[in-house]
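# Examination of the molecular architecture
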Amino acid sequence: MNEYAWQGRWIGGDMTVEDRFAPIFKKEFEVATEIKKAEIRICGLGLFELKINGSLPDDSVLNPAHTQYSRTVLYREFDIANLLCIGKNELNVELGNSFFNDMTYVWNWNNASWRAAPKLIADLCIEYTNGKTQTVKTDETWLVTLDGPITANSIYLGETYDARRTEFTWCNAKEVESPKGVLKPQEMPPIRRIAEFKPKEIRRAANGSYIVTAPEMITGWAKIALNTPEGTQTVITYNERLTDDGYVRKIGKMEGRDGNWWPEGYIQQDSFISSGKPFVFEPKFSYKGFRYIQIDNGGDLCADDITLYRVANDVEIISDFSCSNELVNKLHALMRRTMLNNFQSKPTDTPVWEKNGWLGDANCALHSMMLNFDMGSYMASFVDIMDDCFREYGSVPVIVPSADWSTENSPVWNTIFVFAAEALLDYCDKKDYVSRLYPDLKAFAEKDIEALAAQDWVWGVSGLADWLAPIGDEGMDIDPNASEGAEICGTAFIYAMLKSVSRIAEKLGKSSDIKAYEAAAEKIYCAFNQKFFNADLSIYETTFWSQRGLRTKYRQTSNLLPLAFGLVPEEHKKAVAENLVNDIICKGYHLDAGCTGTRFVLPVLFDCGYSDVAYKVLTQTTYPSWGYWIESGADSAWESWEPATRSENHYFLGTFDEALYTHIAGIRNICEGYRKFSICPALECGLGFAKACIKSPLGAVKCEWKRLENGAFTVEVEIPDGATADICLVANAKTIKTVCTGGKYFWELAI
């Protein structure tokens, strides 16, 4: 793609990074005659709202997407011909801070190398029907005011809007230093209000505040129709939980969990100051995660005055899953909702506290995302940020974008750099994209090989690993750290990453690189089994232990990963799997894993022939389990298994969803953009029926099966034209194996 040659210059106002208000820029210009075409390219950092003659160019919000601003800055393109008129016209742009100018110290955003006051660049290119052209570009002829109604804004804290500020002083904008990042068009779907809700309940508290309950967990904001006397300050606070006395919990000012992160104010809180006239308020430059909203000094309100919006990247939902167990259906909806709530320019961990692109979270849920959503451009954009960070820091940090925070190598988290590239090949057939990325994937793999070679081919104790495993008692507080350390997890993930990059190299025709990857993987395999496999007990265990809570020393994750990644010698697989199952049964059919192992619980059980155990774990409703969340009233995934969880809108433990498609419905081994895949459903898992449909690039992929009253099974499959599927159906001591191409198929497995 040729880089666009900008005519406009970066402009700003007389501001410093300490200023929190939102500057407004405007430019008046004349349109001479009938327009054939008019397109504007625009980037406002951190966020912009563009209006053309008072109208928005589309329904997107929170533009542009958050990136590693020191490497890449994204611009949006809009067709605005229908918003222009012959004669006088005006462009109006308001800018917010977001992560470009954030003052939060926890992740070093306040010291980010790119940090600067908000700035703007734009080119409006007009083509007339008479063949003439005109460009309206940002320069020092634009006007700017610092007197706008948004007097403070922060992606974390929220914003303050003073409706009394209607008279503005304008002065000429000034040319400012351009960001270091290269300007590129935004390719990921923009953020929009993708769903709208009315309150489930609105009640008046004893102190006069309104407490609004949403019908489900939401990320976004509320639009509120207010009518209060002039000067009244209405305060709107969002959170996932209430206090014991029924008010919305506040976080910040040294209050609440991690409240010390924002000593200067409360997060997730907007303020509106009335002009004395009715006003419909909604924020522009921040978003919130919430089930509850508290409105203080809001006058008289009713449910009709309040509209709730889910705000997220407008990725397409491409699949459906349902089955005979309503709990499983609720869990599927719960996980999908949680993922959507965290699609905020990048897959975030939580929309409340951190809003960061934590790679461990996305690494766990990668395939759940790919099976539920069209992730082609969205995931590629996320991988681009990883690549930018790799080029900037020489490693992929645990969060991306990153302001030089926690840039040390952490393989359980950052191997998603390779795994996501492989997924883009398999699900989306993005061969050209991955080919361009490959030199950096190779360099990343080589750094891990070098690091592990220096440690006798095994990872050390320290580092992020099986984060937030159950503490052992639902009444206890959480402890996120892995009792067993990072040895097994770190080593296993590097091994799996090397297998993945080797497969990528094969698909890209980089055969000369494969030998080095496979040789290193073989050394890891041998060292891993020598150090961690206890042949007498047929279990894998680390050399480190730190007792935390009531955790047992047998770690399910330490055995799930070797089974999932092919690290268990063939002659020991049966015994290792049996010991895993025995631990699950002894613990009352409960999983006992953190985010890293949880993803593999169901696939490993299904693959090892324990579909009945997998089903019992999936449908378990006591602590610790996914069903326990549902029993506790949740409709989004928790950050931990315990009720003491910090976040209730956190997808990385909800990775059961992958197995609903790959094992229960059986659509798996997807590659070449669904040109090849397998269908092998778990017919005898305990369900009465299950069905899944995925909108692939080639068309619908469907599998629907039922258990009949007489014990027989029927299976219906649909394969799109251009695809080939390996079919394997096993039930009632019968096996059907065949290869099918595009079409619809039906089988019955009788008793």
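Anything mentioned here points back to the structure above.
What comes next concerns the included structure. (Residues numbered from 1 in each chain as written. Predicted model: local features only at pLDDT ≥ 70, side-chain atom pairs only at ≥ 80, totals over all residues. Heavy atoms only, no water.)

Broken down by element type, the protein chain carries 14 helices and 32 strands. For a compact globule of 751 residues, the expected C-alpha radius of gyration is about 27 Å, and the protein chain comes in at 27 Å, within 12% of that figure. Burial analysis of the protein chain (751 residues in total) assigns 61% to the buried set. Restricting to contacts in the protein chain with at least 6 residues of sequence separation, those with at least 24 account for 74%. For the protein chain, the exposed area adds up to about 27,800 Å²; of that, 46% sits on carbon and sulfur atoms. Placing the 76 positive and 102 negative side-chain charges of the protein chain at their respective mean positions leaves the two points 2 Å apart. (Helix = DSSP H or I, 4+ residues; strand = E, 2+ residues; numbered from the N terminus. Rg over C-alpha atoms; globule rule 2.2 N^0.38 Å. Buried < 20%, exposed > 50% of the residue type's maximum accessible area, 1.4 Å probe, protein only. Contact = heavy atoms within 4.5 Å. Areas by Shrake-Rupley, 256 points an atom, 1.4 Å probe, with all protein chains shown as cover. Lys, Arg positive; Asp, Glu negative; His and termini not counted. Charge placed at Lys NZ, Arg CZ, Asp CG, Glu CD.)

Moving on, we come to the pairing of strand 24 (residues 319-323). The alternating pattern of strand 24 places Ser-319, Phe-321 and Cys-323 on a buried face and Asp-320 and Ser-322 on a face that is not buried. The sheet contact formed by strand 24 and strand 29 (residues 689-696) spans five bridges and is antiparallel. Each residue of the ladder has a partner; that of Phe-321, found in strand 29, is Ala-692. (Pairing = 2+ DSSP bridges.)

Moving on: the packing of helix 1 (residues 326-341) against helix 2 (residues 359-372). For any two helices packed against each other, one specifies the inter-axial angle together with the distance between the axes. Here helix 1 crosses helix 2 at 95°, and the two axes come no closer than 11 Å. The pairing of helix 1 with helix 2 is recorded here as roughly perpendicular in orientation. Side by side, helix 1 and helix 2 meet where His-332, Met-335, Arg-336 and Met-339 of the first sit next to Ala-365, Ser-368, Met-369 and Asn-372 of the second. (Axes fitted to C-alpha atoms, helices over the stretch in contact; angles between N-to-C directions. Parallel < 35°, antiparallel > 145°, perpendicular 65-115°, else oblique.)

A few words now on the sheet that holds strand 2 (residues 24-31). Strand order in this open sheet of five strands is 4-7-2-10-13, and the pairing throughout is antiparallel. Edge positions in the sheet fall to strand 4 (47-52) and strand 13 (171-172), since each of these pairs with one other strand and no more. As defined by bridge partners, strand 2 adjoins strand 10 (residues 143-145) across three bridges and the pair is classed as antiparallel. Across the sheet, the residue bridging to Lys-26 is Leu-143, located in strand 10.

The geometry of helix 11 (residues 595-607) relative to helix 12 (residues 611-618) is characterised by a closest axis approach of 7 Å and an angle of 155° between their N-to-C directions. Considering the angle they form, helix 11 stands roughly antiparallel to helix 12. Contacts between helix 11 and helix 12 pair Val-601, Leu-602, Leu-605 and Phe-606 from the former with Ser-611, Val-613, Ala-614, Val-617 and Leu-618 from the latter. Within the contact of helix 11 with helix 12, the residues separate by chemical class into eight nonpolar, one polar and no charged. (Nonpolar A, V, L, I, M, F, W, Y, C, P; charged D, E, K, R; others polar.)

In terms of nonpolar packing, the biggest core is built from 222 residues, with Phe-321, Phe-343, Leu-498, Leu-602, Trp-626 and Trp-705 touching the most fellow members. Ranked by residue count, the leading element in this core is helix 7 (residues 487-507), at 12 residues. Discounting residues that sit within four places of it in the chain, Leu-602 has contacts with Ala-614, Val-617, Leu-618, Trp-626, Phe-656 and Ala-659. Leu-91, Val-93, Tyr-128 and Val-136 belong to the second-largest nonpolar core, a separate cluster that totals 27 residues. (Core = buried A, V, L, I, M, F, W, Y, C linked by side-chain atoms within 4.5 Å.)

Omega for the bond connecting Leu-45 with Gly-46 falls within 30 degrees of zero, at -5°, which places this linkage in the cis form. Checked against the element boundaries, Gly-46 lands in the loop between strand 3 (35-45) and strand 4. Between Val-400 and the following residue, Pro-401, the backbone shows a cis peptide bond with an omega angle of -10°. Along the chain, the position of Pro-401 falls in the loop between helix 3 (376-393) and helix 4 (411-414).

All chains considered together, the criterion is met by 41 salt bridges. Glu-77 is paired through a salt bridge with Arg-41; the nearest N and O atoms lie 3.5 Å apart. Taken together, the residues span a long stretch of sequence, with Glu-77 in strand 6 (residues 72-79) and Arg-41 in strand 3 at a distance of 36 residues. Residue classification places Glu-77 among the partly exposed residues on the basis of a relative accessible area of 41%. A salt bridge links Lys-574 to Glu-578; the nearest nitrogen and oxygen atoms lie 2.5 Å apart. Highlighted residues: Lys-574 and Glu-578, both in helix 10 (residues 573-586), separated by four residues, approximately one helical turn. When its relative accessible area of 60% is taken as the criterion, Lys-574 is described as exposed. Through salt bridges that share partners, Glu-484, Arg-555, Asp-583, Lys-587 and Asp-592 make up one connected network. (Salt bridge = Lys/Arg side-chain N within 4 Å of Asp/Glu carboxyl O.)

For helix 9 (residues 556-565), the tally of buried residues reaches nine of 10 residues, placing the bulk of the element in the interior. Among all positions of helix 9, only Gln-556, Thr-557, Ser-558, Asn-559, Leu-560, Leu-561, Pro-562, Leu-563 and Phe-565 are buried. Gly-566 lies just past helix 9 and shows a positive phi near 75°.

Enumeration according to the criterion identifies zero disulfides in this entry. Free of any disulfide, Cys-728 has its nearest neighbouring cysteine sulfur in Cys-680, separated by 4.0 Å. In this structure Cys-728 comes out as buried when scored by relative accessible area, which is 18%. (Disulfide = S-S within 2.5 Å.)

Tallying each qualifying case throughout the model produces 43 aromatic pairs. Where Trp-107 meets Trp-261, the ring centres are 5.1 Å apart and the plane angle is 80°; that geometry is what we call edge-to-face. Of this pair, Trp-107 sits in the loop between strand 7 (87-96) and strand 8 (119-128) while Trp-261 sits in the loop between strand 19 (233-239) and strand 20 (269-273); the two residues are 154 residues apart in sequence, bridging distant segments of the chain. Taking 5.2 Å as the distance between ring centres and 40° as the angle between the ring planes, the aromatic pair formed by Tyr-161 and Phe-279 counts as tilted. Of this pair, Tyr-161 sits in strand 12 (residues 158-162) while Phe-279 sits in strand 21 (residues 279-281), and the two are 118 residues apart along the sequence. Taking relative accessible area as the criterion, Phe-279 reaches 27% and is therefore assigned partly exposed. Each residue in the set Tyr-69, Phe-99, Phe-100, Trp-107, Trp-109, Trp-114, Tyr-156, Trp-261 and Trp-262 is aromatic and connected to the rest through ring pairs, giving one cluster. The ring centre of Tyr-4 lies 4.1 Å from the NZ or CZ of Arg-41, which sits over that ring. (Phe/Tyr/Trp six-rings, centres within 6.5 Å; stacked < 30°, edge-to-face > 60°. Lys NZ or Arg CZ within 6 Å of the ring centre and 35° of its normal.)

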